[in-house]
Amino acid sequence: MDLLEYLQTNEIDQPLPRSSFETFDTLEPQDLTEVLSQQRPALRMSSVESLQELIIARYRWIGWRQAVAETNDQRVADGLEALAPSSLGALRADEVYALDHLDRASAGDESIRTSLFALYQRAVTVIGEQANIVVSAAQAGHPRAAQFARLLGAAGTTGDLDAEGWFEIIRGVRTNALKIDVGVPWDAVVADVDFEPLAARMGDRAAPDYCEAELSALSPRFTERLTSDYQETLMRRLSLRYHELLSAEPIRAHPLGAIYVGTDRQRVGMTILDKKGAVSTSAPIRPSGDWAKRAVGWMKQNRVRMVAVPNVALAQKWLDEIMHALTLEKVRTVEVDVAGLLEARSIDDPRLKRVSTEIASAIVLARRASKPLDEWTRVDPLRLGLSRIQKELDGGQLREIMQIVRERTIATAQPLSTAPVNTSGLRGRASAPLNPEITGIRDLRPGLQLNGIITNVTKFGAFVNIGIKQEGLVHISELSDQFVSDPNEVVQSGQQVSTRVISVDLDRGRIALSMRSENSTLRLPNRDNRPMGGGRPERMGQGPGGNRGGGQATPADRARALQDLERLFQK
């Protein structure tokens, strides 16, 4: 059963086009952005919540597929009939394992197995709300015992336990410092359950006791399910917070000031951005004496219309002082989240590298307030540290949810350009139709000249928005009349370019473009430009049997390059 069938069986919304699931089935998290870049119109029409559920369902399907394979391999090895995957389509991974156990326990009696499995599913629901969680030390004298000491004892019921609290306990369990006991509220599980039909099938066995014994044997599956449910809850929460950061309203009041307060061992950083977003002036200040009053005076002297301040600081006293001073002087402020501030300062930005840490932090705050979408997308979402227990979560699943939320937010923010964002956060923009005479892919023909905006630069070329639903792809061999080893050397996201149509695939919606002059012949680097070590720079389509001479590319070379382009479209 593929992903699309799994979604349909479980009645989960399918927010993306059916064709996207051909690659989405086996997609690696790091490749998701390139797939989503072709789905901007669909992303614009989808809610953040539906996209979250798509990624969660994808990982449920991955777990289901693994559980079915493992279970049936073991059943065949044990001489038992394999469970039919078609009958397991609506199940979670833990339910597949549980069904196998209960099928063995009932000796193949389908009626007993069905009754026991229904009881398991009821137990999962009750345990998720009412189970008592008891945490104890896994072993005496564990080197990290002190770190988890506060978690020992009764942690409460599952209904009261926060998702982050659960994963703090799981962290201790994974380090072998803690062990956890999930107390099944059996009375609540069997309430209103009629055991007579089951007892009649089981003969003189006491049905309630038998059922309780079999369900108790599945206690690891209950813990597994709790962990999965808490993880999904936390991932939804983190991705919604990420969405809020990306979709914050940009501050358009300029000059825009920013004051950064860090630790009590740092100076306070101050900076001002002009209406173009450039840093006009910066200054540090030591928090002593009437420093807050002087800081506000400096802002007013530079005629700032608003000041960005951190939403939290280790030196909270200093933050309170500056906020009080700004309020007294009736200076408008906006709080900016400091998540991932270290990562933001580490971006390859010459301006940030030339100034002190506190000034760089103030610049980041001001930029986040002025252009939140651009600035937040500069940082890998997993390195923002939006939760203290983030490392305990499935990194691949969390990354996919963050990526799809990011792509949807960018698509929504750009009514005209349906193009992707690269890791630098720069976006292609257009205020008027790029090619007014082109209304759709059927208007394109080889040789047609088109205006475009670079929307994403990859190692094999660049995607270009030409003003219609489908994007074009310029292969690395078609970016310039000269040899190109790295596309980033000649193009960047947001750049306006002139392109020429090479080929159009109407059936698959694929457009191959070129930025080379029409009659150009590509020249490879001469000997003086070869890399150190005497090796020859290689391009796609120039392996053994390709252009060996270092002169002009032959028609065969270009044909191979176009074949490479076709293969890339298929990825």
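Data block above holds the structure.
Residues numbered from 1 in each chain as written. Predicted model: local features only at pLDDT ≥ 70, side-chain atom pairs only at ≥ 80, totals over all residues. Heavy atoms only, no water.

(A) Local environment of the packing of aromatic side chains. Under the criterion given, the structure shown has 5 aromatic pairs. Here the aromatic rings of Tyr-6 and Trp-64 are separated by 5.7 Å at their centres, their planes lie at 45 degrees, and the arrangement is tilted. Residue Tyr-6 is found in helix α1 (residues 3–9), and its partner Trp-64 is found in helix α5 (residues 48–77); the two are separated by 58 residues along the sequence. With respect to class, Tyr-6 is no different from Trp-64; both count as buried. Arranged with centres 5.2 Å apart and planes meeting at 20 degrees, the rings of Tyr-120 and Phe-222 form a pair that is stacked. Here Phe-222 lies in helix α12 (residues 219–246) and Tyr-120 lies in helix α7 (residues 110–130), a separation of 102 residues in the sequence. For the pair Tyr-120 and Phe-222, one class covers both residues: buried. (Phe/Tyr/Trp six-rings, centres within 6.5 Å; stacked < 30°, edge-to-face > 60°. Helix = DSSP H or I, 4+ residues; strand = E, 2+ residues; numbered from the N terminus. Buried < 20%, exposed > 50% of the residue type's maximum accessible area, 1.4 Å probe, protein only.)

(B) Molecular detail of the side chain of His-254. Within the element layout of this structure, His-254 appears in the loop between α12 and β4 (256–260). Among the residues examined, His-254 registers a relative accessible area of 18% and is labelled buried. A distance of 3.3 Å separates a polar side-chain atom of His-254 from the backbone oxygen of Arg-252. When near neighbours in sequence (up to four residues on either side) are disregarded, His-254 contacts Leu-273, Asp-274, Lys-275, Arg-305 and Ser-370. (Polar contact = N/O pair within 3.5 Å; in protein donor to acceptor, adjacent residues only side chain to side chain. Contact = heavy atoms within 4.5 Å.)

(C) Quick peek at the pattern of salt bridges. This structure, assessed with the given rule, holds 31 salt bridges. With a closest N to O distance of 2.6 Å, Glu-53 and Arg-236 form a salt bridge. You can see Glu-53 sitting in helix α5 and its partner Arg-236 sitting in helix α12, a full 183 residues away along the chain. For Glu-53, a relative accessible area of 28% gives the class partly exposed. Judged by relative accessible area, Arg-236 falls into the partly exposed class, the value being 23%. Glu-400 is the partner of Arg-58 in a salt bridge, and the nearest nitrogen-oxygen pair spans 2.7 Å. Separated by 342 residues along the polypeptide, Arg-58 in helix α5 and Glu-400 in helix α19 (residues 395–413) bring together distant segments of the chain. Arg-58 sits in the buried class, given a relative accessible area of 2%. (Salt bridge = Lys/Arg side-chain N within 4 Å of Asp/Glu carboxyl O.)

(D) Spotlight on the environment of Thr-271. Secondary-structure assignment places Thr-271 in strand β5 (residues 268–273). Residue classification places Thr-271 among the buried positions, given a relative accessible area of 0%. For Thr-271 and Glu-358, which are 87 residues apart along the polypeptide, the C-alpha to C-alpha distance reads 9.8 Å. Within polar-contact distance, the side chain of Thr-271 engages the side chain of Ser-282 at 2.8 Å.

(E) Focus on the environment of Phe-195. Locating Phe-195 in the fold gives a position in the loop between α9 (186–190) and α10 (196–202). When residues no more than four places from it in sequence are discounted, the contact partners of Phe-195 are Leu-119, Val-190, Ala-207, Pro-208 and Cys-211.

(F) Summary view of the sheet that holds strand β7 (residues 306–310). Read across the open sheet, the 5 strands follow the order β6-β5-β4-β7-β8; overall the sheet is mixed. Edge strands, defined here as strands with exactly one partner in the open sheet, are β6 (279–285) and β8 (333–336). Strand-to-strand, the axes of this sheet are offset by a mean angle of 20 degrees, without reference to chain direction. One ladder, built from 3 bridges, connects β4 with β7; its direction is parallel. Each residue of the ladder has a partner; that of Gly-257, found in β7, is Val-307. Along the sheet, helix α14 (residues 316–328) contacts β4, β7 and β8; its crossing angle with β7, the most-contacted strand, is approximately 160 degrees. (Pairing = 2+ DSSP bridges. Axes fitted to C-alpha atoms, helices over the stretch in contact; angles between N-to-C directions.)

(G) Representation of the packing of α5 against α12 within the structure. Remark: α5 packs on α12, axes separated minimally by 11 Å, with the N-to-C direction vectors making an angle of 145 degrees. In terms of crossing hand, the pair formed by α5 and α12 is right-handed. The segment α5 lies against α12, with Val-48, Glu-49, Gln-52, Glu-53, Ile-56 and Arg-60 engaging Glu-232, Met-235, Arg-236, Ser-239, Leu-240 and His-243. For the contact of α5 with α12, the per-class residue count stands at 4 nonpolar, 3 polar and 5 charged. (Left-handed = near helix turned anticlockwise from the far one by under 90°. Nonpolar A, V, L, I, M, F, W, Y, C, P; charged D, E, K, R; others polar.)

The quantities given are spatial measurements derived from coordinates; they are silent on function.
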